[in-house]
Amino acid sequence: MESARVFNIQKFSLNDGPGIRTVVFLKGCPLRCFWCANPEGQARASQVEWKESACVACGHCVELCPEAGSVERDGKRHVDVRKLAGDSPEATRAIAECPGRALTLAGETKTVDEVLKVCLQDKPFYEDSNGGVTLSGGEAMTWPEFDIELLSRLHEEGVNTCIETEACVSEAQFQAVAAHLDHMLIDLKHWDDARHREGTGVSLDLILANLRWAVAAGKDVLVRTPVIPGFNDSAEDARGMARIIRSVGLDRVQLLPFHNFGESKYDLLDLDYRLHGAKNLREEDLADFAKVYAEEGVRAFF
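One numbering rule holds for all chains: residues counted from 1, following each sequence as written. Given that the model is predicted, a residue must reach a pLDDT of at least 70 before its local features are reported, and side-chain atom pairs must reach 80 or more before they are shown or counted; all residues, however, enter totals for whole chains, interfaces and linings. Remark: hydrogens and water are excluded; side-chain values derive from all non-hydrogen atoms of the structure.

J.: How do you make sense of the nonpolar core when you look at a structure like this?
T.: The nonpolar side chains of a soluble globular protein tend to be buried with one another. In this structure, Met184, Leu211 and Tyr293 are the most contacted members of the largest nonpolar core, which totals 69 residues. Not counting chain neighbours up to four residues away, the residues in contact with tyrosine 293 comprise Ala238, Met241, Ala242, Ile245, Val253, Leu255, Val298 and Ala300. Definition used in this section: a nonpolar core is a set of buried Ala, Val, Leu, Ile, Met, Phe, Trp, Tyr and Cys residues joined via side-chain atoms within 4.5 Å. Each residue is assigned to one of three classes by its accessible area relative to the maximum for its type, calculated with a 1.4 Å probe on protein chains only: buried under 20%, partly exposed between the two thresholds, exposed over 50%. In terms of nonpolar packing, the next biggest core, distinct from the first, is built from 15 residues, Trp50, Leu64, Cys65 and Ala91 among them. Contact definition: two residues touch when any of their heavy atoms are within 4.5 Å.

J.: Teacher, can you tell me more about the state of the cysteines here?
T.: Here is the idea: a disulfide is a covalent bond, and it sits between the sulfur atoms of two cysteines. By disulfide we mean two sulfur atoms from cysteines, separated by a distance within 2.5 Å. Across all of its chains, the model carries zero disulfides by this definition. No disulfide involves cysteine 29; its sulfur sits 6.4 Å from that of cysteine 33, the nearest cysteine. A relative accessible area of 14% places cysteine 29 in the buried class.

J.: What is the right way to look at the packing of helix H9 (residues 235–247) against helix H11 (residues 287–295) in this model?
T.: Angle between the axes and distance between the axes: these two values describe a pair of packed helices. Every axis in this analysis is a line fitted to C-alpha atoms, fitted for helices over the stretch in contact. Angles between the N-to-C directions lie between 0 and 180 degrees. Counting from the N terminus, the helices are the DSSP runs of H or I reaching at least four residues and the strands are the DSSP runs of E reaching at least two. At a minimum axis distance of 8 Å, the contact between H9 and H11 shows a crossing angle of 35°. Seen from above, H9 lies across H11 with right-handed handedness. The segment H9 lies against H11, with Ala235, Ala238, Arg239, Met241, Ala242 and Ile245 engaging Phe289, Val292, Tyr293 and Glu295. Each residue is assigned to one class: nonpolar for Ala, Val, Leu, Ile, Met, Phe, Trp, Tyr, Cys and Pro, charged for Asp, Glu, Lys and Arg, and polar for all the others, Gly among them. Here the residues of the contact of H9 with H11 are counted per class, giving eight nonpolar, no polar and two charged. Handedness of a helix crossing follows the sense of rotation of the near helix relative to the far helix, less than a right angle counterclockwise being left-handed and clockwise being right-handed.

J.: When you look at the side chain of lysine 189 in this model, what are you seeing that I'm missing?
T.: You can see lysine 189 is positioned in the loop between strand E10 (183–187) and helix H7 (193–200). A polar side-chain atom of lysine 189 sits 3.0 Å from a polar atom in the side chain of glutamate 166. Pairing of N or O atoms within 3.5 Å defines a polar contact, subject to two protein rules: one partner must be a possible hydrogen donor and the other a possible acceptor, and residues neighboring in sequence count only if both atoms are side-chain atoms. Here the side chain of lysine 189 touches aspartate 187 through a polar contact of 3.1 Å, side chain to side chain. Setting aside chain neighbours within four positions, we find lysine 189 in contact with Leu31, Cys33, Trp35, Glu166, His196, Thr200, Pro226, Phe231, Asn232 and Met241.

J.: So what exactly am I meant to see when it comes to the sheet that holds strand E2 (residues 21–26) here?
T.: Backbone hydrogen bonds are what pair the strands of a sheet, in a parallel or an antiparallel way. Criterion used throughout: strands pair if DSSP finds at least two bridges between them. Spatial ordering of the open sheet is given by E7-E1-E2-E8-E9-E10-E11-E12-E13, a layout of nine strands whose pairing is mixed. Looking at which strands have only one partner, the edges of the open sheet turn out to be strand E7 (108–111) and strand E13 (299–301). Adjacent strand axes in the sheet meet at a mean angle of 30°, parallel and antiparallel pairs treated alike. Relative to strand E12 (residues 252–257), strand E11 (residues 221–227) is paired through five bridges, and the arrangement is parallel. When the sheet's bridge partners are listed, threonine 225 is paired in E12 with leucine 255. Here helix H5 (residues 144–156) sits on the sheet and contacts strand E1 (3–13), E2, E7, strand E8 (132–137) and strand E9 (160–165); the angle it forms with E8, its principal contact strand, is near 170°.

J.: Any chance you could explain the packing of H5 against helix H6 (residues 171–178) here in plain terms?
T.: For the pair H5 and H6, the least separation of the axes is 9 Å and the interaxial angle reads 15°. The orientation of H5 relative to H6 falls into the category roughly parallel. Classified by chirality, the crossing of H6 by H5 is left-handed. Residues Pro144, Asp147, Ile148 and Leu151 of H5 lie in contact with H6, whose contacting residues are Gln173, Ala176 and Val177. Counted by class, the contact of H5 with H6 contains five nonpolar, one polar and one charged residues. Note on angle classes: values under 35 degrees are labelled roughly parallel, values over 145 roughly antiparallel, values of 65 to 115 roughly perpendicular, and the remainder oblique.

J.: Quick question: what am I supposed to make of helix H3 (residues 112–120) here?
T.: Think of an α-helix as turning once every 3.6 residues; residues three or four places apart then point the same way. Along H3, the residues that are buried comprise Val112, Val115, Leu116 and Cys119. Buried residues along H3 cover an arc of 100° about the axis, so they all sit on one side. It is the directions from the helix axis to the C-beta atoms that the arc portrays.

J.: When you look at the environment of glycine 199 in this model, what are you seeing that I'm missing?
T.: Within the element layout of this structure, glycine 199 appears in helix H7. When near neighbours in sequence (up to four residues on either side) are disregarded, glycine 199 contacts Arg32, Cys33, Phe34, Trp35 and Phe231.

Next comes the structure, spelled out in C-alpha cells:
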C-alpha cells in the first residue's frame, strides 16, 4: 500500500473545487513562491515547528538536540528547527518533552487507507453538495503512486476527485495522475518566463506544456492565479496572462487576491517572509485588473 507525507486534512472546504470537499495536503513542492501561504508544504520531509508564544524558554530542546544548534528570538533560545530533522529520534523526544508544547511536527507519513478513512467520513456531504476530495500541497503530484491509489479508491466509492496543482512535474507523471481526476485546478502565476523564474524558482515551459495537454485531453480545467502585489498585479500582467489562457483554449480564470494569512507559518519554521506587513488585497481592489481580462476575452472571477 502506498503512503505519503501529509501535513493537513481540511474538511468542509468550499473553495477547492465544486461542492463541499475534503482537502488533503501533501508535502513537497518544486516551486519556491515567495508569497507561499503553506511554507510547511514546500519541503518533502517532516519539519519541526516552534511556537514563540508557547515557549517557556527552558532550553530543554537545545539540550536534547545539540547537533541542530540553537537560535534566539524575542529573548527565547530554542533549538534551530531549520536544522533539526523532523523524523529524527531527537526531534521526537524534544516534541514529546517540551513543557509548553511549543514544538510540533509538520508532516506525518500516512497510508492510503488512513487518508481514505478520513475522507469517507464526510461522504454524505459530498453527495448532497456534488462535492468530493481535493488533493493539494505543496504539490500533490510529487506523490504520483499515492495519488493514483487514493484517487482510484475514491472513485470506487463514488467520490468525485479534484487536484490543486502547479503542473510542474514530468508530462508522464502529470498525465498518469490526471487520468484519475474529475477536475483540475491549475495555477498559472505569471505570463513571462523570466519573471516566473524570479518569483517561483522554475521555468514556465513545463507548466504550460502540461496545461495545454490537459485542455486538449478534454479535462475539466480551471486556471487559478494568485494576484501578488508587485509581482503580477499590473494591467500588462493581466493582459499577458489572458492571452496565454486564450492560447491554450480556455476563456476563464479564477483570481485569488493576495492574503497574508500564512505569514505566521514562517515564524513557526524560523523562516523570513518577504511580504511581511503587506496589505491583503480585496476583490474590489482588482476590479480594473479583471476588466483587462475581459477586454482579452477571458472571464475573471473570484
